[in-house]
Each structure stands twice: as C-alpha cells, then as structure tokens.
Amino acid sequence: MKHKKITALALASLLLFISGCGSSKTDSSAAESVGTESTKTESAGKEASSLTVRFLKVGKADAMIMTCGGETLVLDTGESDDGEELTEKLTAAGADRVDYLIITHFDKDHVGGAAELLEHFDVGTVYLPDYEGTSGEYAAFMAALSENDITPVRLNEDVSFSFGDAEVTINPPSSYEITDAAADYDNNFSLITTIAHGDNTLLFMGDAEKAELSDWLENGNVTDCTLLKVPHHGDYNKALPALIEAVSPEYSVICNSEKNPAEEETLALLETAGAVFETKDGDVTAVSDGETLTVSR
C-alpha cells in the first residue's frame, strides 16, 4: 500500500512537469497591435521584450510612439491637429496609459498634440527642456498639465531611466541662454534622447541645429547608433557631416512631408551611411529584439 502511494505521487509530479513545459507561449500582443511582428529573445534565462518605435506620418512634425516591456513612451506629439491621430494610434496599440512623455522643445510641431494626449490618457513622468515656450500650443499644454496635477521634470542635466528592457538617456542643451532673440532658438534647446536596447542604440535628435549638434559632439555624448532620427526634418546644416560620421547610423528616419521634404544635401549625406526612411511616405516602424533591428514602412 505504501508503494502505491509513492507511485501515484511520482505520476502526479510527472504530469505537472509535462503541463508546465507545454505553457511556454509568449505574449506578443503589444508589438502586434502597432502592426509589426515581434521576436523575443532569451537572455540569461529571462525572456527579453521587444522595443517597438512607430514614427507617425504627421507632416513636417515629430510624433513617435514607443513600447517596451509593457510600458509606453511618447516622444513629441506633432501639431495640435495631430493630437487625435496620436491618441487613436495609442489606443490601437493597446495602450491604456503613457508611462513617459518627452517633449524635445516647444515648437508647435512638437508640442501641439500634447494637451489632447493628456485629455485622453493617464500620463506618468513628463520630461521637458527648462525654458518657457511662447506659442498657444505650449500654453494649452501647460494648462493641461496643471489640470491633471502633473509636475513636469525640467531638465538642466542628463537623466537616465529604465523603459522596459531598454535604457533611456536624455541630454539637455548645455545652456538655455538666448543669444539672439531674433533666431529660432527653440531648436537648439532640444532634448536629445538615446535609447539602448541590447545591441541596438536609437538616437533621437529633436530639431537640434548646428550650435547644439556641435556642442553635443564636443561634450563626448557620441556613440555609434543603429538608428538615427534625423534632426530638424532633414534640413541641412554644417554640423551634420560630423554628426553622421560620429554616430554611423545603419538606418535613418526623417520626419517630413511631401510639401516640406528633406534637403538634397542631407539625403545625399545619409545615403552614404545606410538606409533612409521618410515619414512623407507613411508611418515608419522600427523593432528591436535586442540583437537585430528591423525597420519597415
């Protein structure tokens, strides 16, 4: 009788083991919901989540939706008319909140949709450059932050944080001093964001122009990148060749439109470095599995 009890226990343990081995299916719904199939990899016995970045076709404006490890990050929000599309695509991606919002600077084509985003989504940490905007879109965004009791983080020094399995680093400009009130100083106040995901590095330059690009390079923030979000919608400036040589992108993405295309000098420069995608041709999606990066339109 005692022998039978031991046998039954062993049989139950064996069945439990077999059942557990058959339940290794992973959930890729977050990546599939933004239209790109995700591949997950094993690292040190733990399952790694994919990083998906979707560059929205919103004209000559920046709006990017990112997901990683069940978290959502929005980098810039396009113009005010783009707020509805941004929120619709977040909903389609299965997002129920935005964990991080980064506004690179306060031009209307970067901050315009932020107020509507706050109207429709619970937003966690908000990162901003440390200066005051002058547009109506900026004022609406500030009012929306206040209404939602959100105190943004105004950056004067580098900050890093985890985003799923990725690591995000934001470099603010070395100075917010306005040296020429007539110039478009906002662009050179852009936050520059680097996202490291395994072997892949993605670099987002905002609208940084010659002064900030040169300063960023001189300050030693440089690393080779897998993907570069080209600064200022593909407008050419004299610091671009040094930037491209320093970061050596395999892929470049330009947020532009048919009406406002990238400059030919910029395209010629980028095409010698790697594949170039432009949002004037449609949304661009980049997916990192930590080892490889796939970019598609």
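Heads up: the structure comes first, above all this text.
Quick summary incoming for the structure in this document. (Residues numbered from 1 in each chain as written. Predicted model: local features only at pLDDT ≥ 70, side-chain atom pairs only at ≥ 80, totals over all residues. Heavy atoms only, no water.)

Another point: the packing of helix H8 (residues 240–247) against helix H9 (residues 264–271). Across the interface, H8 lies against H9 with an axial gap of 10 Å and an inter-helix angle of 20°. When the axis of H8 is compared with that of H9, the two are roughly parallel. Along this stretch, H8 crosses H9, giving a crossing that reads as right-handed. Touching Leu 240, Pro 241 and Ile 244 of H8 are Thr 266, Leu 269 and Leu 270, all from H9. Here the contact of H8 with H9 is built from residues that sort into five nonpolar, one polar and no charged. (Axes fitted to C-alpha atoms, helices over the stretch in contact; angles between N-to-C directions. Helix = DSSP H or I, 4+ residues; strand = E, 2+ residues; numbered from the N terminus. Parallel < 35°, antiparallel > 145°, perpendicular 65-115°, else oblique. Left-handed = near helix turned anticlockwise from the far one by under 90°. Contact = heavy atoms within 4.5 Å. Nonpolar A, V, L, I, M, F, W, Y, C, P; charged D, E, K, R; others polar.)

What follows is about the side chain of Glu 212. Counting through the fold element by element, Glu 212 comes out in helix H7 (residues 210–218). Buried and unpaired, Glu 212 has no salt bridge, with Lys 229 as the nearest side chain of opposite charge at 11 Å. Apart from the residues lying within four places of it in its own chain, the contact partners of Glu 212 are Pro 173, Asn 187, Asn 188, Phe 189, Ser 190 and Ile 192. (Buried < 20%, exposed > 50% of the residue type's maximum accessible area, 1.4 Å probe, protein only. Lys, Arg positive; Asp, Glu negative; His and termini not counted. Salt bridge = Lys/Arg side-chain N within 4 Å of Asp/Glu carboxyl O.)

Once that is clear, we can look at the nonpolar core. Formed by 61 residues in total, the largest nonpolar core has its most connected members in Phe 55, Phe 141 and Phe 163. No other element matches strand S4 (residues 63–68), which puts five residues into this core. Counting 20 residues, the second largest nonpolar core, distinct from the first, contains Leu 213, Leu 217, Leu 240 and Ile 254. (Core = buried A, V, L, I, M, F, W, Y, C linked by side-chain atoms within 4.5 Å.)

What follows concerns the sheet that holds strand S8 (residues 153–155). Taken together, the eight strands give an open sheet; going across it, the order is S8-S7-S6-S5-S4-S3-S16-S17, and neighbouring strands pair in mixed fashion. Every interior strand has two partners, whereas the edge strands, S8 and strand S17 (293–296), have only one. Taking each pair of neighbouring strands and ignoring which way they run, the sheet shows an average axis angle of 15°. Where S4 lies against strand S5 (residues 71–77), six bridges are found, and the strand directions are antiparallel. Bridge pairing in S5 links Met 66 to Leu 73. With respect to the sheet, helix H3 (residues 83–92) is in contact with S4, S5 and strand S6 (97–102), its orientation differing from that of S5 by roughly 165°. Along the sheet, helix H6 (residues 136–147) makes contact with S6, strand S7 (122–129) and S8, crossing S7 at roughly 135°. (Pairing = 2+ DSSP bridges.)

Note that all results are geometric; they support no functional claim without further evidence.
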